[in-house]
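Single-letter residue listing:
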Amino acid sequence: MATLEQYDAIIIGAGMSGLYQLHRLRQLGLSVRLLEAGTGVGGTWYWNRYPGARFDSESYSYAYSFSGELLDEWDWGEHFAGQPETLRYLNHVADKFDLRRDIQFRSRVAAAHYDDETRSWDIRVEDGGRFACRFMITAVGPLSAPTLPAIEGTESFTGQSFHTARWPHQPVDLAGKRVAVIGTGATAVQTIQEVAKTVGQLTVFQRTPNWCAPLHNAKIGPEEMVRLRAGYPEMFQRCQETFSCFIHTMDPRGTFEVTPEQREAFWEKLYGEPGFGIWQGNFRDMLTDRRANALISDFVAGKIRQRVTDPATAEKLIPKNHGFGTRRVPLETRYYEAYNQDNVRLVDLLDTPIQRITPTGIKTSDADYDFDIIIYATGFDAVTGSFDRIDIRGMGGQRLKDRWQGGPETYLGVMVNGFPNMMMLIGPHMALGNIPRSIEYNVDWVTGLMRHVHDHGIIRVEATEAGVTTWTDHVKALGVGLLSNEVDSWMTGVNRNVAGKQVRVVNRYSGSAPAYRARCDEVAANGYRELMLG
Ligand code: NA7
C-alpha cells in the first residue's frame, strides 16, 4: 500500500495553467502539490515537439502578464515563436518562481475519487503513488489527449512512426527519407511545410482539407523588442477588451455594407498581414452569415489556386464541406508551395481511403505506399478527452465521463455539480481564443475562491444543479447560429477515432471573453452565494 501524502490542494498538469495556479496557491500559503505526467514543465509545449511547431498567436500576447519583472526580462526572438523558444520560456518561469520544488514529474494521474465523509479527493498516480487533498484543480489542457487513427495495422508498421504530440526528445533524422503525414489540421500544416524541406519523398494523406492563411512570421530585433515592450500595457489591455483575447478583433462592418472593391482590398490587406487577423479581424458577420462566409471562402480559394501550380492538386486542397473560419484556421508559411515540389505528393482519402497500415507503409483502395517514417498528425480527443482518461468519480461514485456522455455540463466552465471541491482550468465551456489570457483570468478567479474558502474555514464547495443547468443552457444558446457549430471538428467535440465522440456537442463557450469575465466577477462580488459552501 502506497503511503498517503496529504495536501490542501493538488493540481494536475504543469502546463501554462497549472504552473500559474501553483504560483498563486503558494502565495495563499496553502500546501500544494502539482502532479505532472511528463518529465518537465510546459504542457502543450513540452509534448508537441514535432518539426515546425510554433505559435499562431503573437508571442508577446501569449506570454504571462502577471509579473512585470518577467515581462521586463524576457525577450522574444520571433513574432510567432517556435516550440523550443516557448519551452525555454516556460522553464524560465518555473525557475524564476521556484515552482519545481512542488512539482512531481513522471506522475500521470490514473484516478481521482471524492469522499464526502472526509470532504477530500483521493488521487492515485499510475506508478501507485497516492495523495489526499481537500481541493483538486485540473489543469489538463483542452488538447492533450492525442489520438491515433482508428485504422487497422498501426502496430504492424516496421519503420518509425510518431504522433506529433508524442514526438521524441532526440532529433529524428528525416533527411532523404520516405515520409508519410496523415492529417491536414493545424499541426499537420506546420509539420508538412517544415519536413518538406529535408525529406526525400513526402506523401500527405488528406481526408478533409482546411482553409489556411499565411502566418507572415518575422524575427524580432533588439530595437523592435524595446518598442514592443513599451507597448505591453496597451497590448494586454487590448487583449482584455477583444472578443477572444487576441490582439485582433472583428471588424464592426458587415460584409455587404462595403463595395465589392472595398471588400477585396480589405481581404488583400488581411491576407498580407501577420497572424489571425483574417480569421479574428474580418467582417463581423463572416461566421454567422452564409452568404458572407461564401464570399470570403471564394477569396481564399482563389489564393490557393494562385499558389498551387497543379490545378487538380489545388482543387483537392480547397475545402468543400465547410466555409472559411468555421474550423480553426491553420496559419502557414509556404504550405501551399510545398505541393509544387517534385518530392511532395497529395493523396486524397475521399477518393482513395486508407484500408490499413502495413508492415512497409500504407495501403489505400488503389495503391500500396512504402515509407521509412509515418507521422500521425491526427489530433486529439479534445476538451473532455483528457478528463475521460482519468477515472474521476464524484458523489456516490458517479463517473465524470458518464455525467458528460451527452456533452459537458458545467458551472462557469469551472465546476460540476456532484463533484465537490473540483475546479477546472480551461475545462469545457471555457472560452479558448488566446488561451493564456483566459488562463490568467481563470486561475485568478479560482484563486479568489480558494482565498474565500481559506479565510472562512470552508471545507466543501459545490456548484448547484440549477447553476450547472443554467450555465450549460447559456453556453448552448450562445452557440446557436454560429456556422462553426454546424461543422465536424475538434471544436465541436467530434473525433471519428474515439468511440462515443461522433456526435457534435457544444464544448466551448462562444460568447465574448469580457462577458464571461463579467459573469464570473459578479459571482465573486456576491460572496460566491451561488455555490453550496460548507
Ligand atoms: P486536428 O485539427 O483535429 O487535425 C487532425 C487531422 O487528422 C485532420 O486533418 C483529420 O482529418 C486527420 N485525421 C484524423 N484521423 C484520421 C484518419 N483516421 N484518417 C485520416 N485522417 C485523419 O488536430 P491538430 O493537431 O492539427 O490541431 C489541433 C489543435 O491543436 C489546433 O487547432 C491548434 O489549436 C492546436 P478530418 O478533418 O477529421 O477529416
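Look above for the structure.
Here's a quick rundown of the structure. Remember, predicted model here, so these are calculated numbers, not experimental data. Starting afresh in each chain, residues are numbered from 1 along the sequence in its written order. Local features in a predicted model are, by the rule used here, given only for residues with pLDDT of at least 70; side-chain atom pairs are given and counted only at 80 or more, and totals for whole chains, interfaces and linings are based on all residues. To get the side-chain values, take all heavy atoms of the structure and skip hydrogens and water.

**Brief notes about the packing of helix H1 (residues 16-27) against helix H16 (residues 435-455)**
Packed helix pairs are characterised by how far apart their axes lie and by the angle those axes make with each other. For clarity, the threshold we go by: Angles here are taken between N-to-C directions and fall from 0 to 180 degrees, while the axes themselves are lines fitted to C-alpha atoms, restricted in helices to the stretch in contact. Only DSSP runs of H or I with at least four residues qualify as helices, and only runs of E with at least two residues qualify as strands; both kinds are numbered from the N terminus onward. Left-handed describes a crossing in which the near helix is turned anticlockwise from the far one by less than a right angle; the clockwise case is right-handed. Whether two residues touch is decided by their heavy atoms; if any such pair falls within 4.5 Å, the residues are in contact. Charged means Asp, Glu, Lys or Arg here, nonpolar means Ala, Val, Leu, Ile, Met, Phe, Trp, Tyr, Cys or Pro, and polar covers whatever is left, Gly included.
As a packed pair, H1 and H16 sit with axes 9 Å apart at the nearest point and diverge in direction by 35 degrees. Read as a crossing pair, H1 and H16 show a hand that is right-handed. In this structure, H1 contributes Met-16, Ser-17, Tyr-20, Gln-21, Arg-24 and Leu-25 to the contact, and H16 contributes Pro-436, Ile-439, Glu-440, Val-443, Asp-444, Val-446, Thr-447 and Met-450. In terms of residue class, the contact of H1 with H16 is made up of eight nonpolar, three polar and three charged.

**Comments concerning the packing of aromatic side chains**
How two aromatic rings sit relative to each other is set out by the distance from centre to centre and by the angle between their planes. Heads up, the rule is: Side-chain rings of Phe, Tyr and Trp, where Trp is taken by its six-membered ring, are said to pair if the distance between their centres is within 6.5 Å; with planes under 30 degrees apart they count as stacked, over 60 as edge-to-face, and otherwise as tilted. Each residue's exposure class comes from its accessible area (1.4 Å probe, protein chains only) as a fraction of the maximum for that residue type: buried when under 20%, exposed when over 50%, partly exposed otherwise. Either the NZ atom of lysine or the CZ atom of arginine qualifies as a charge over a ring when it sits within 6 Å of the ring centre and within 35 degrees of the ring normal.
What the rule picks out here adds up to 35 aromatic pairs. Look at Tyr-46 and Trp-47: their rings are 4.9 Å apart centre to centre, the planes differ by 85 degrees, and that puts the pair in the edge-to-face class. Its relative accessible area of 5% is what places Tyr-46 among the buried residues. A relative accessible area of 22% means that Trp-47 is categorised as partly exposed. Measuring from ring centre to ring centre gives 6.5 Å for Trp-211 and Phe-324, while their planes differ by 75 degrees; the resulting arrangement is edge-to-face. Within this pair, whereas Trp-211 is found in the loop between strand S9 (201-206) and strand S10 (213-214), its partner Phe-324 is found in the loop between helix H12 (311-317) and strand S11 (331-332), the two being separated by 113 residues in sequence. This pair shows no difference in class: Trp-211 is buried, exactly as Phe-324 is. Over the face of the ring belonging to Phe-97 we find Lys-96, whose NZ or CZ atom lies 5.8 Å from the ring centre. Just above the ring of Phe-266 sits the side chain of Arg-253; from NZ or CZ to the centre is 4.9 Å.

**Description of the layout of surface pockets**
So the rule is basically this: Think of a 1 Å grid over just the protein atoms. A cavity is a set of points where a 1.4 Å probe fits yet cannot get out, a pocket is an open set with protein on both sides within 12 Å along at least five of seven lines, and lining residues have an atom within 4 Å of a point. Grid points are joined across faces, edges and corners, and a volume is the space filled by probe spheres set on the points.
Roughly 370 Å³ of internal volume is contained in the second largest pocket. Looking at the lining of the second largest pocket, the elements that each hand over two or more residues are helix H14 (385-388) and helix H15 (400-403).

**Some remarks on the site of the ligand**
Defined as follows: If a single non-hydrogen atom of a residue is within 4 Å of a molecule or strand, that residue counts as near it. A 3.5 Å cut-off defines polar contacts: any pair of N or O atoms within that distance qualifies, except that in protein one atom must be a possible hydrogen donor and the other a possible acceptor, and neighbouring residues in sequence count only when both atoms are side-chain atoms.
Not every one of the 20 residues close to the ligand is listed here, only the nearest: Thr-184, Thr-187, Arg-207, Thr-208 and Asn-497. Arg-328 is positioned with one of its side-chain polar atoms (N or O) 3.1 Å from an oxygen atom of the ligand. In this structure, Ala-377 approaches the ligand through a main-chain N or O atom, which is 3.3 Å from an oxygen atom. Here the shell around the ligand is composed, by residue class, of eight nonpolar, eight polar and four charged.

**Observations regarding the packing of helix H7 (residues 222-230) against helix H8 (residues 232-241)**
Selection criterion: The cut-offs work like this: below 35 degrees is roughly parallel, past 145 is roughly antiparallel, 65 to 115 is roughly perpendicular, and the gaps in between are oblique.
Two elements in contact, H7 and H8, have axes separated by 5 Å at closest approach and are oriented at 55 degrees. Taken together, the axes of H7 and H8 are oblique relative to one another. Seen from H7, the contacting residues are Met-225, Leu-228, Arg-229 and Ala-230; seen from H8, they are Tyr-232, Pro-233 and Glu-234. Residues of the contact of H7 with H8, tallied by class, amount to five nonpolar, no polar and two charged.

**Focus: empty space enclosed by the protein**
This model, assessed by the stated rule, comprises four cavities of 30 Å³ or more. In this structure, the largest cavity spans a volume of roughly 60 Å³. Every residue lining the largest cavity is listed: Cys-245, Met-430, Ala-431, Arg-437, Ser-438, Tyr-441, Ala-513, Tyr-516 and Arg-517. Only H16 and helix H18 (513-525) provide two or more residues apiece to the lining of the largest cavity. Of the residues belonging to the lining of the largest cavity, the class tally is six nonpolar, one polar and two charged.

**Concerning the pairing of strand S6 (residues 130-138)**
Quick note on the threshold: At least two DSSP bridges between two strands are needed for those strands to be called paired.
Within S6, eight of the nine residues are buried, which leaves it mostly tucked inside the rest of the structure. Looking at chain direction, strand S1 (residues 4-12) and S6 are connected through eight bridges and run parallel. Pairing of Ile-12 across the sheet is with Thr-138, part of S6. Bridge count for strand S5 (residues 120-125) against S6 is four bridges, and the pairing is antiparallel. In the strand pairing of S6, Trp-121 is matched with Cys-133. Linking S5 to S6, which pair antiparallel, is a turn of four residues; within it Gly-128 sits at a positive phi near 105 degrees.

**Quick notes on the nonpolar core**
How we decide: Here the nonpolar core consists of buried residues drawn from Ala, Val, Leu, Ile, Met, Phe, Trp, Tyr and Cys, with membership extended through side-chain atoms lying within 4.5 Å.
Trp-76, Leu-202, Met-415, Met-423 and Trp-445 are the most contacted members of the largest nonpolar core, which totals 126 residues. Per element, the largest residue contribution to this core is eight residues, and it comes from H16. Those residues in contact with Met-415, other than ones at most four positions away along the chain, are Thr-410, Met-422, Met-423, Met-424, Trp-445, Leu-449, Val-461, Ala-463 and Leu-531. Within the second largest apolar cluster, 23 residues are counted, among which are Ala-112, Tyr-114, Trp-121 and Val-416.

**Quick word on the sheet that holds strand S15 (residues 368-370)**
Taken together, three strands build an open sheet; the order of strands is S13-S14-S15 and the sheet is antiparallel. One side of each edge strand has no neighbouring strand; the edge strands of this open sheet are strand S13 (354-357) and S15. This sheet shows a mean twist of 20 degrees between the axes of neighbouring strands, independent of strand direction. With three bridges joining them, S13 and strand S14 (residues 361-364) adopt antiparallel strand pairing. Counterpart to Ile-357 in the pairing with S14 is Ile-362.

None of this, on its own, says anything about what the molecule does.
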